[in-house]
Amino acid sequence: MNTNEQKIIVFITGAFITHQCWEQWVPYFESQGFKVVVPAWPHKNANAETLRNHKSDSLIASNRLKDLIDYFEQIVRSQPSKPILIGHSIGGLITQILVNRGLAKAGVAIHSVPPQGIMTFKWSFLKAGWGPLGFFTSASKPFMMSFAQWQYSFTNGMSTEEQKEGYYKLAIPESKLIVRDTITSVAAVNFKKPHVPLLFLAGSKDHTIPASLNHDNYKKYSDLSSVTDYKEFDFANHFVVGHPRWREQADYVTKWMEGNRL
């Protein structure tokens, strides 16, 4: 192991929220000596209020998953050493894909949207996903989650005040095409391929990506020589990275990385 190698974390944000969702995670990991990279998605390098005021933005609506994966691959390849990838939701899916491509030192998939072929018919998953998929509606405009949808899909179990704060600070419009692409071959992963350490975090309160779906995702990995771990938090909803108890998850990630000498 090269002790002079720079320690790098690249955070990969999920859909419907800005990259500012990591604002508490950044100083936490910087204090541990990591260089932290937090890229905005294409056409989303602005605060939530600005992006919501342009909720008919055709540029956001045009985002596709393949382009987003390529965008993050370029960022990862540009780092001076292989980074640890920490991704939430669709960012978790992208983390899995880039780990699969051998581009990371390790990966942490937080409430990850599963790769192609992993599904659930749980009612909460279907209810949370129907609006964002936008079937029978035009894909020329992005989907903006209503506050009621936000309460159900992201921040269930939190106080109304906490839900409002999260919504106005972080919620943004999203491409329907990005969401639809997650069930196509663009989202495929080779589960038999050896890989660097990969951790799945799940939440018992998550309506959007139920813990059972996370566990199915984790169990698909079959290479016995590779480290693949799973941890479920009983309080965590889909707003996990901005949840009031985010620190418990960050602490767990830290201990996991230390245990794997990362």
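The coordinates are above.
This write-up is about the structure you can find in this document. (Residues numbered from 1 in each chain as written. Predicted model: local features only at pLDDT ≥ 70, side-chain atom pairs only at ≥ 80, totals over all residues. Heavy atoms only, no water.)

## With respect to the nonpolar core
Counting 78 residues, the largest nonpolar core has Phe29 and Ile86 as its most contacted members. When residues no more than four places from it in sequence are discounted, the contact partners of isoleucine 86 are Ile9, Val10, Phe11, Ile12, Trp22, Phe29, Thr95, Val108, Ile110 and Val253. (Core = buried A, V, L, I, M, F, W, Y, C linked by side-chain atoms within 4.5 Å. Buried < 20%, exposed > 50% of the residue type's maximum accessible area, 1.4 Å probe, protein only. Contact = heavy atoms within 4.5 Å.)

## Here we look at the packing of aromatic side chains
The geometry of two aromatic rings is summed up by the distance between their centres and the angle between their planes. In the structure shown here, the tally under the stated rule is 23 aromatic pairs. Plain terms: the ring middles of phenylalanine 11 and phenylalanine 29 are 6.2 Å apart, the flat faces sit at 55° to each other, and that makes the pair tilted. You can see phenylalanine 11 sitting in strand β1 (residues 8-12) and its partner phenylalanine 29 sitting in helix α1 (residues 25-30), a full 18 residues away along the chain. Overall, phenylalanine 11 belongs to the buried group, its relative accessible area being 0%. Under the relative-accessibility criterion, phenylalanine 29 is labelled buried at 0%. Centre to centre, the rings of tryptophan 150 and tyrosine 167 are 5.7 Å apart; their planes meet at 70°, and the pair counts as edge-to-face. (Phe/Tyr/Trp six-rings, centres within 6.5 Å; stacked < 30°, edge-to-face > 60°. Helix = DSSP H or I, 4+ residues; strand = E, 2+ residues; numbered from the N terminus.)

## Focus: the pattern of salt bridges
Using the criterion set out here, one finds nine salt bridges in the structure. Here arginine 64 ties to aspartate 181 by a salt bridge, and the two come within 2.8 Å at their closest N and O atoms. With arginine 64 in the loop between α3 (58-61) and α4 (65-77) and aspartate 181 in helix α9 (residues 176-181), the pair connects residues that are 117 residues apart, well separated along the chain. Accessibility expressed as a relative area gives 35% for arginine 64, which makes it partly exposed. Residue aspartate 251 pairs with arginine 247 through a salt bridge whose shortest N-O separation is 3.0 Å. Pair noted here: aspartate 251 and arginine 247 are both in helix α11 (residues 246-259), with a separation of four residues, about one helical turn. For aspartate 251, a relative accessible area of 28% puts it in the partly exposed group. The exposure class assigned to arginine 247 is partly exposed, which follows from its relative accessible area of 46%. (Salt bridge = Lys/Arg side-chain N within 4 Å of Asp/Glu carboxyl O.)

## Details of the sheet that holds strand β2 (residues 35-37)
If you walk across this open sheet you meet the six strands as β2-β1-β3-β4-β5-β6, and the pairing is parallel. Every other strand in the sheet has two partners, leaving β2 and β6 (228-233) as the edge strands with one partner each. Sheet twist, expressed as the mean angle between neighbouring strand axes with direction ignored, is 15°. Across the sheet, α11 is in contact with β3 (84-88), β4 (106-110), β5 (198-203) and β6; its angle to β5 comes to roughly 160°. (Pairing = 2+ DSSP bridges. Axes fitted to C-alpha atoms, helices over the stretch in contact; angles between N-to-C directions.)

Taken by themselves, the reported measurements are silent on function.
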